[in-house]
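A closer look at the structure
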Amino acid sequence: MSQEQNRGEQGRYETGTKGGHDGGGAAGQPASKPPRPLAMIMEVFGLSRTVTIMAVLFVAIVVTAAIFFFVLSAPPTTITITSGPEGSGFHTNGLRYAAILARYGIQARVLTSHGSLENIERLLVPKKKERPSGGQSETEWADIGLVQSGVKHEGMEKLVSLGSVASQPLMVFYRGTPIEVLSELAGKRLAVGAPGSGTRALALTLLATNGIDTRPRDHKTTDHKTADHRTTDHRTPEQQDKKTTNYEGAPGEGTRPTATTDDKTMTDHGGTEPVARASNLAPGPSTLLDWEPRESYKALLAGKIDAAFLMGEDASGAMMRELLRAPDIHLFSFKQAAAYTRRFSELSVLDLPEGSIDLGKDIPPQTIHLIGPTVELAARPTLHPVLSDLMLEAAKEVHGRATLLQNRNQFPAAIEHDLPISADAARWYKSGRSFFYRYLPFWLASVVRRVVVVFVPAIVVMVPILRSLPRLYQWRIRSRLYPWYRALLAVEGELFREERRGTRDEGGEVQGSKFKVQSLRPEDRSPKSGEGVHSPQSTVHGAARERLLGRLDEIESGVNRIKIPASFADQFYGLREHIDFVRELVEERTSPKS
């Protein structure tokens with residue numbers, strides 16, 4: 001090969017080296033500086049600069065998102081529980097929950113309320129309440145609330161239940177001669193519970209079922225002998241003493257207040273209306289009083305009302321025990337308890353055994369059949385799973401013991417009424433506390449659980465994608481080289497066809513057996529000792545030679561223009577060697593005959 005050809009070959013190699021990879025120096029010159037981190041990643045994984053930057057950005061986004069969710073998924077350190085009136089069973093249980101949660105570093109704020117309805121409202125929508133100091137306002141809302149089953153409220157289907165935690169017996173205390181059915185309370189003064197309480201809702205339902213009219217009074221009715229109505233009085237017993245001038249009859253005989261024309265009482269609609277004179281009252285209408293439990297309890301002991309409906313959501317256990325021991329007051333026994341539970345699915349039968357309050361005095365003197373709903377732990381659907389587990393653990397500690405009305409470990413239970421059981425609660429009832437919280441301290445279990453929940457899925461998603469990038473990129477780079485190999489094969493195939501055509505022209509027959517397809521591997525380029533690459537008689541010359549060499553020059557020029565990363569330099573230079581091999585093959589086989 002001539003000196004000019006050698007210089008041309010050297011120029012082609014230098015051109016291919018300069019344009020063949022990203023970020024490299026001149027041909028034959030080692031890098032003067034150590035590679036940057038990005039370049040190291042490119043060389044190790046065989047990626048281009050663009051793909052490497054995209055991979056680094058992808059990893060950064062996944063890691064940032066994982067850290068964000070790791071921080072966001074941390075359980076809150078505070079929780080708000082809405083319970084019931086101060087001193088009631090609901091409020092007492094709320095305070096017990098708070099004491100248990102404090103062991104785990106969770107600060108629980110226990111709010112007092114008027115009962116189940118207000119608890120549902122706090123769970124559904126924020127409620128603003130004026131601070132005692134005045135001026136500013138705070139939003140009172142709750143994460144968890146004690147709710148009596150069977151209480152209805154618009155929109156409550158948005159909430160979830162952690163399960164039932166206790167039975168809630170309805171206790172009807174009354175004065176006078178013993179009665180057997182609730183319908184015998186018609187025409188008497190009845191304290192049915194404060195507005196917004198589950199006690200009042202259940203009492204009105206049961207009274208209406210027994211034929212006692214509980215409808216609001218018609219404001220326009222003047223003839224009370226023909227109009228159905230009920231008088232709802234929100235006044236306390238002290239206010240009643242000031243307003244009332246006389247009581248007709250004795251307690252237990254259907255007493256009704258006699259009032260002056262300027263006496264007024266609040267209605268269920270929030271307004272006021274004059275209290276009808278006794279002479280205008282139809283015989284037998286019941287007076288329903290929406291009083292707080294403490295006022296009802298005092299009025300019943302004082303003989304100012306005939307009966308009071310009390311439940312643990314708004315009344316304290318001390319009140320009920322004192323009423324049970326009072327000599328002139330009886331606890332109503334629902335002899336039709338089974339019939340009530342068939343009609344109202346949320347109710348269950350609860351028996352208070354004879355002598356269970358006081359064995360020495362035999363209180364009660366016989367077994368009392370009670371009915372009542374269960375108490376549910378209602379929660380927002382966004383309640384953190386850790387808080388859900390802790391609340392159920394606290395409920396198990398508070399309500400799991402045996403009492404007069406329930407067996408040991410009867411509650412909490414996955415009893416579903418109006419609210420669906422949450423997925424977290426269903427998991428707790430099935431398998432109990434999660435593995436990490438069972439064996440590790442609370443703070444450590446919280447960290448480990450979040451690592452497993454957040455980072456493990458991120459790694460599972462990220463690793464296969466990152467592992468597939470080099471393979472995809474290798475396929476992409478090879479797809480740049482393969483077309484040039486196809487072009488080389490086409491040139492070599494045309495060379496063989498030209499030789500066969502020339503052989504036919506000169507000898508009249510095909511001498512294809514004299515030629516064999518040569519390998520493109522560099523180690524197979526040089527002929528072995530004593531062997532020739534082709535027949536010394538060449539039949540390809542002239543225009544065919546120039547055409548084939550021109551095709552090879554075009555291939556080499558195109559190869560020198562492609563960009564290949566340094567990790568694929570071996571394939572790039574192998575292609576160029578194969579181009580030179582085919583060039584030498586063409587030149588040798590198209591040389592003039594000797």
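Residues numbered from 1 in each chain as written. Predicted model: local features only at pLDDT ≥ 70, side-chain atom pairs only at ≥ 80, totals over all residues. Heavy atoms only, no water.

1. A look at the pairing of strand β7 (residues 171-175)
Look at any regular strand and the pattern is simple: side chains alternate between the two faces of the sheet. Of all 5 residues in β7, 5 are buried, a share of seventy percent or more. Covered by surrounding structure in β7 are M171, F173 and R175 together with V172 and Y174, the residues of both alternating faces. When β7 meets strand β15 (residues 307-310), the two strands line up antiparallel, connected through 4 bridges. Each bridged residue has a counterpart across the sheet, and for M171 the counterpart in β15 is L310. When β7 meets strand β16 (residues 329-331), the two strands line up antiparallel, connected through 3 bridges. Pairing of Y174 across the sheet is with H330, part of β16. (Buried < 20%, exposed > 50% of the residue type's maximum accessible area, 1.4 Å probe, protein only. Helix = DSSP H or I, 4+ residues; strand = E, 2+ residues; numbered from the N terminus. Pairing = 2+ DSSP bridges.)

2. Digging into the sheet that holds strand β19 (residues 374-379)
Across the sheet, which stays open at both edges, the 5 strands sit in the order β2-β1-β5-β19-β6 with mixed pairing between neighbours. The open sheet has two free edges, formed respectively by β2 (107-111) and β6 (160-167), since each of these has just one partner strand. The average angle at which neighbouring strand axes cross in this sheet is 25 degrees, direction not considered. Of the pairings in the sheet, the one linking strand β1 (residues 78-82) to strand β5 (residues 144-148) comprises 2 bridges and is parallel in character. Among the inter-strand pairings, I81 is bridged to a residue of β5, identified as I144. Where helix α4 (residues 89-102) meets the sheet, its contacts fall on β1, β2, β5, β6 and β19, and the angle it forms with β2 comes to roughly 170 degrees. (Axes fitted to C-alpha atoms, helices over the stretch in contact; angles between N-to-C directions. Contact = heavy atoms within 4.5 Å.)

3. Brief notes about helix α11 (residues 385-399)
Taking 1.5 Å per residue, 15 residues should reach 21 Å; α11 reaches 21 Å between its end C-alpha atoms and fits that length. When you tally the buried positions in α11, you get 12 out of 15 residues, the bulk of the element. (Expected span 1.5 Å × (residues − 1).)

4. Here's the deal with the nonpolar core
Among the nonpolar cores identified, the biggest contains 34 residues, and I79, Y97, L162, L377 and M391 are the most heavily contacted of them. Ranked by size, the runner-up nonpolar core spans 25 residues in total, among them L170, L206, I212 and Y340. (Core = buried A, V, L, I, M, F, W, Y, C linked by side-chain atoms within 4.5 Å.)

5. A short note on unusual backbone geometry
Cis geometry is adopted by the peptide bond preceding P364, which originates at I363 and carries an omega value of -5 degrees. Structurally, P364 is set in the loop between β17 (348-352) and β18 (368-372). Across the junction of F411 and P412, the peptide omega takes the value -5 degrees, indicating a cis bond. Note on placement: P412 falls in the loop between α11 and α12 (423-431). Look at D362: it is not a glycine, yet its phi comes out positive at around 55 degrees. Tracing the chain through its elements places D362 in the loop between β17 and β18. Positive phi outside glycine occurs at N409, with the angle close to 60 degrees. By the secondary structure assignment, N409 is in the loop between α11 and α12.

6. Digging into the pattern of salt bridges
In total, this model carries 13 salt bridges according to the counting rule given. K335 is paired through a salt bridge with E180; the nearest N and O atoms lie 3.0 Å apart. Taken as a pair, K335 in the loop between β16 and α10 (337-343) and E180 in the loop between β7 and β8 (189-191) lie far apart in primary sequence, 155 residues in all. Judged by its relative accessible area of 54%, K335 falls in the exposed class. (Salt bridge = Lys/Arg side-chain N within 4 Å of Asp/Glu carboxyl O.)

7. Topic: the environment of D418
Here D418 is to be found in the loop between α11 and α12. By relative accessible area, which is 29% here, D418 ends up partly exposed. Residues D418 and M156 lie 262 residues apart in sequence; the distance between their C-alpha atoms is 8.5 Å. Setting aside residues no more than four positions away along its own chain, D418 makes contact with S149, G150, V151, K152, M156 and E376. Looking at D418, its side chain comes within polar contact range of the side chain of K152, at 2.8 Å. (Polar contact = N/O pair within 3.5 Å; in protein donor to acceptor, adjacent residues only side chain to side chain.)

8. Focus: a nonpolar patch on the surface
Among the surface-exposed residues, V452, V453, V456 and V460 lie close enough to one another that they form a single nonpolar patch of about 320 Å² accessible area. Of note, V456 is situated in helix α14 (residues 442-507). A relative accessible area of 41% means that V456 is categorised as partly exposed. (Patch = residues over 30% accessible without salt bridge, like charges linked within 9 Å, V, L, I, M, F, W, Y side chains within 5 Å. Areas by Shrake-Rupley, 256 points an atom, 1.4 Å probe, with all protein chains shown as cover.)

9. Examining the packing of helix α15 (residues 543-561) against helix α16 (residues 569-589)
Two quantities define a packed helix pair, namely the angle between the axes and the distance from one axis to the other. For the pair α15 and α16, the least separation of the axes is 10 Å and the interaxial angle reads 170 degrees. In terms of orientation, α15 lies roughly antiparallel with respect to α16. Residues R545, L548, L549, L552, D553, I555, E556, V559 and N560 of α15 lie in contact with α16, whose contacting residues are F572, L575, R576, I579, D580, V582, R583, V586 and E587. Of the residues that constitute the contact of α15 with α16, the class distribution is 10 nonpolar, 1 polar and 7 charged. (Parallel < 35°, antiparallel > 145°, perpendicular 65-115°, else oblique. Nonpolar A, V, L, I, M, F, W, Y, C, P; charged D, E, K, R; others polar.)

10. Considerations on the environment of E346
Within the secondary structure, E346 sits in the loop between α10 and β17. Distance in space between the C-alpha atoms of E346 and E416 is 9.4 Å, their sequence separation being 70 residues. Setting aside residues up to four positions removed in sequence, E346 forms contacts with S149, G150, G372, P373, T374 and H417.

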